[in-house]
Amino acid sequence: MTTAPPPAVRLLDRRVFAWAAWDWGSASFNAVITTFVFTVYLTSDVFTGLTPEAPGYTAAKAALSSGLGAGLAVAGVAVALIAPVVGRRSDAVGRRRRPLAVASAVVAAAMVGMFFVQPSPSYFWFGVALVAIGTVAYEAGAVNYNAMLLPLSTPRSIGRISAFGWASGYVGGIVLLVLLVTTLIPLGAFGVRLSALVCAIWFAVFAIPVLFAVPDDRRIATGEQLGVLATYRRLVADLVALRRNDRNLLMFLIASAVFRDGLTGVFTFGAVIAAAVFGFTFSEVLVFGVAANLVAGVSTLISGRFDDRYGPKPVIMTSLVGLVVCGTIAFALQHEGRWVFWVFGLALCLFVGPAQTSSRALLGRLVPAERAGELFGLYATTGRAASFIAPAAFAALTAIAQDQGFGILGIVLVLALGLVLMLPVEGSSSPAEGAGRSLEGADHL
């Protein structure tokens, strides 16, 4: 008897929109909380308890930045430990919606808690703890969210669908940031706290559609339910097996961990470089941030078609070359004025999104559906394990040269290292390769 083909999943299908809505909503945490607003609030003068003229002010400000960095470092370690367990357990039962719902609820609850972070030194560690908890929950949720990409796509459509989700995150960040900057943030500390509450509602609302529209596929359940310690033992065994049996996948995980850290560094240190090296004011940094997200969102959306037509590796390699070239030019011309950062800073953003989304798509092409959670968990773990490289390179070159402009070169070197490590990685050069992956979806979008 002939089995009927699975129902088609088009790029404009409601299931794809529902899945991408989570990316759109999560921008409230990534763009507003951890990048532009709440972490800036936590390291502002109100948490020092001192005036800029008071003795010890500089040391107190440095302590705030160090405290926030320490909190995020602890969160990074927690993600590295938790992600493989979360992924393997969801594989065991074939359920991704329930752990995604729990993780999303924790992120939203952490942002609600941020409303109660008063502008006082005694509330600083409470705020740091909430950011750390939100970070861990977000990354744990992303493991299952990324794995849900597979049943929505085929090897011929995974690039476009992945890019659509990633671009939704950039555009969602723009919309929410502009909304808050023009309404609540000018109100000061209370406005920032209200913004966190708005972010919680925003994320909760947009996290709901995927939980109803994208069903679990129990057919891929492995049935292998292990305890925590047994899961870690199996993780070590799997890494050894990868080194022996699938060095290509292992090499990709290592290479992507390095270049993804460099990509993160572009946005993490972009505002610092704009202000300290190119003399941007705070308002100019915010305008640049909106422009950067817009450029990244549009280029990411377009890159999905190139991914599906030529394969994800060419997109990644082209993006990394573009990043290295533009970053090097920005470093060389740093004393020529603000126009340099406007031109080459935005050019950097042109390549960041495509490299990120094609990295996710390449892993999706390489892994079987029944191990998606496990390997996307390992993807998160390797990324966290390498998360010190770009900050260390930025800090080291800045300290050696006593010039923050050399921090640009530090990030460029990390991206160049990722580029070199990607050279031997074999990716699907055409959509037909890897077509044996068992997915519910359609090839015609």
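Looking at an unreviewed UniProt entry, the protein chain carries the name MFS transporter, with the source organism given as Amnibacterium soli. What UniProt states about the protein chain under its Subcellular location (unreviewed entry) heading is, verbatim, "Cell membrane".

## Comments concerning helix H1 (residues 14–36)
In this model H1 runs 31 Å from its N-terminal to its C-terminal C-alpha over 23 residues, within 8% of the 33 Å that 1.5 Å per residue would give. When the local axis directions of H1 are compared, the greatest deviation, roughly 35 degrees, occurs at serine 26. The element H1 is largely enclosed, with a buried count of 17 among its 23 residues. The residue sitting at the N-terminus of H1 and contributing the capping side-chain oxygen is aspartate 13; that oxygen lies 2.7 Å from the backbone nitrogen of arginine 15.

## With respect to the packing of aromatic side chains
With the rule as written, the count across this model stands at 25 aromatic pairs. Judged by centre distance (5.0 Å) and plane angle (80 degrees), the ring pair of tyrosine 41 and phenylalanine 47 falls under edge-to-face. Between phenylalanine 288 and tryptophan 342, the aromatic rings sit 5.3 Å apart at their centres with planes inclined by 65 degrees, giving edge-to-face as the arrangement. Here phenylalanine 288, found in helix H11 (residues 282–310), pairs with tryptophan 342, found in helix H13 (residues 338–366); they are 54 residues apart in sequence, far enough to count as distant. Residue class for phenylalanine 288 comes out buried when judged on its relative accessible area of 9%. The class of tryptophan 342 is partly exposed, set by a relative accessible area of 32%. Members of the aromatic cluster, connected to one another through ring pairs, are Trp19, Trp22, Phe29, Tyr138, Tyr145 and Phe203.

## Re the layout of surface pockets
Where empty space is left can be seen by rolling a probe of water-molecule size over the atoms. In this structure, the second largest pocket occupies an estimated 260 Å³ of space. What lines the second largest pocket is a set of 17 residues, among which Ile82, Val86, Pro99, Ala140 and Asn144 lie closest to the centre. Looking at the lining of the second largest pocket, the elements that each hand over two or more residues are helix H3 (57–93), helix H4 (97–114) and helix H5 (124–147). The residue makeup of the lining of the second largest pocket, split by class, is 11 nonpolar, 3 polar and 3 charged.

## Focus on the nonpolar core
Counting residues in each nonpolar core, the largest one holds 65 residues, and the members touching the most others are Ile273, Leu320, Leu323, Leu363, Phe376, Leu415 and Met422. The contacts of leucine 363, once residues within four sequence positions are left out, are Leu249, Phe252, Leu253, Leu375, Phe376 and Tyr379. Formed by 49 residues, the second largest nonpolar core is a distinct cluster that contains Tyr41, Leu64, Leu152 and Ala207.

## Considerations on the packing of H4 against helix H7 (residues 189–213)
Where H4 meets H7, the closest approach of the two axes is 7 Å, and the angle between their N-to-C directions is 170 degrees. As summarised for this structure, H4 and H7 are arranged roughly antiparallel, according to the angle between their axes. Contacts between H4 and H7 pair Arg97, Leu100, Ala101, Ser104, Val107, Ala108, Met111, Val112 and Met114 from the former with Arg193, Ala196, Leu197, Cys199, Ala200, Phe203, Ala204, Ala207, Val210, Leu211 and Phe212 from the latter. Grouping the constituent residues of the contact of H4 with H7 by class yields 17 nonpolar, 1 polar and 2 charged.

## Notes on the environment of leucine 250
Along the chain, leucine 250 falls in helix H9 (residues 247–268). Sequence separation of leucine 250 and valine 425 is 175 residues, and the distance between their C-alpha atoms is 9.2 Å. Not counting residues within four places of it along the chain, the set of residues in contact with leucine 250 comprises Leu239, Leu242 and Arg243.

## Some words on the packing of helix H6 (residues 158–181) against H7
Interhelical geometry of H6 versus H7 gives an angle of 145 degrees and a closest axis separation of 11 Å. As for how H6 packs across H7, the hand of that crossing is right-handed. Facing Gly172, Val175, Leu176 and Leu180 of H6, the residues of H7 in contact are Ser195, Val198, Cys199 and Trp202. Its residues assigned to classes, the contact of H6 with H7 comprises 6 nonpolar, 2 polar and no charged.

## A short note on the side chain of arginine 193
Among the structural elements, arginine 193 can be located in helix H7. The charged side chain of arginine 193 is buried without a salt bridge, its nearest counter-charge being aspartate 45 at 18 Å. Within the local environment of arginine 193, its side chain forms a polar contact with the backbone oxygen of phenylalanine 115, the two atoms lying 2.6 Å apart. Setting aside its immediate chain neighbours within four residues, arginine 193 contacts Tyr41, Met114, Phe115, Val117 and Gln118.

## A closer look at the pattern of salt bridges
What the rule picks out here adds up to 6 salt bridges. The salt bridge partner of arginine 160 is aspartate 308, with a shortest N-O separation of 2.7 Å. Of the two residues, arginine 160 is situated in helix H6 and aspartate 308 in helix H11; the sequence distance between them amounts to 148 residues. Considered together, arginine 160 and aspartate 308 belong to a single accessibility category, that of buried residues. Two residues, aspartate 308 and arginine 365, come together in a salt bridge whose shortest N-O distance is 3.2 Å. Taken together, the residues aspartate 308 in helix H11 and arginine 365 in helix H13 connect sequence positions 57 residues apart. The burial state of aspartate 308 is the same as that of arginine 365; both residues are buried.

Thresholds applied
Residues numbered from 1 in each chain as written. Predicted model: local features only at pLDDT ≥ 70, side-chain atom pairs only at ≥ 80, totals over all residues. Heavy atoms only, no water. UniProt positions renumbered as here; feature names shortened; annotations may be inferred. Helix = DSSP H or I, 4+ residues; strand = E, 2+ residues; numbered from the N terminus. Expected span 1.5 Å × (residues − 1). Bend = angle between axes of the 7 residues up to and from the residue. Buried < 20%, exposed > 50% of the residue type's maximum accessible area, 1.4 Å probe, protein only. Polar contact = N/O pair within 3.5 Å; in protein donor to acceptor, adjacent residues only side chain to side chain. Phe/Tyr/Trp six-rings, centres within 6.5 Å; stacked < 30°, edge-to-face > 60°. 1 Å grid on protein atoms, 1.4 Å probe; cavity = no way out; pocket = protein on both sides within 12 Å on 5 of 7 lines; lining within 4 Å. Points joined across faces, edges and corners; volume = space filled by probe spheres on them. Nonpolar A, V, L, I, M, F, W, Y, C, P; charged D, E, K, R; others polar. Core = buried A, V, L, I, M, F, W, Y, C linked by side-chain atoms within 4.5 Å. Contact = heavy atoms within 4.5 Å. Axes fitted to C-alpha atoms, helices over the stretch in contact; angles between N-to-C directions. Parallel < 35°, antiparallel > 145°, perpendicular 65-115°, else oblique. Left-handed = near helix turned anticlockwise from the far one by under 90°. Lys, Arg positive; Asp, Glu negative; His and termini not counted. Salt bridge = Lys/Arg side-chain N within 4 Å of Asp/Glu carboxyl O.

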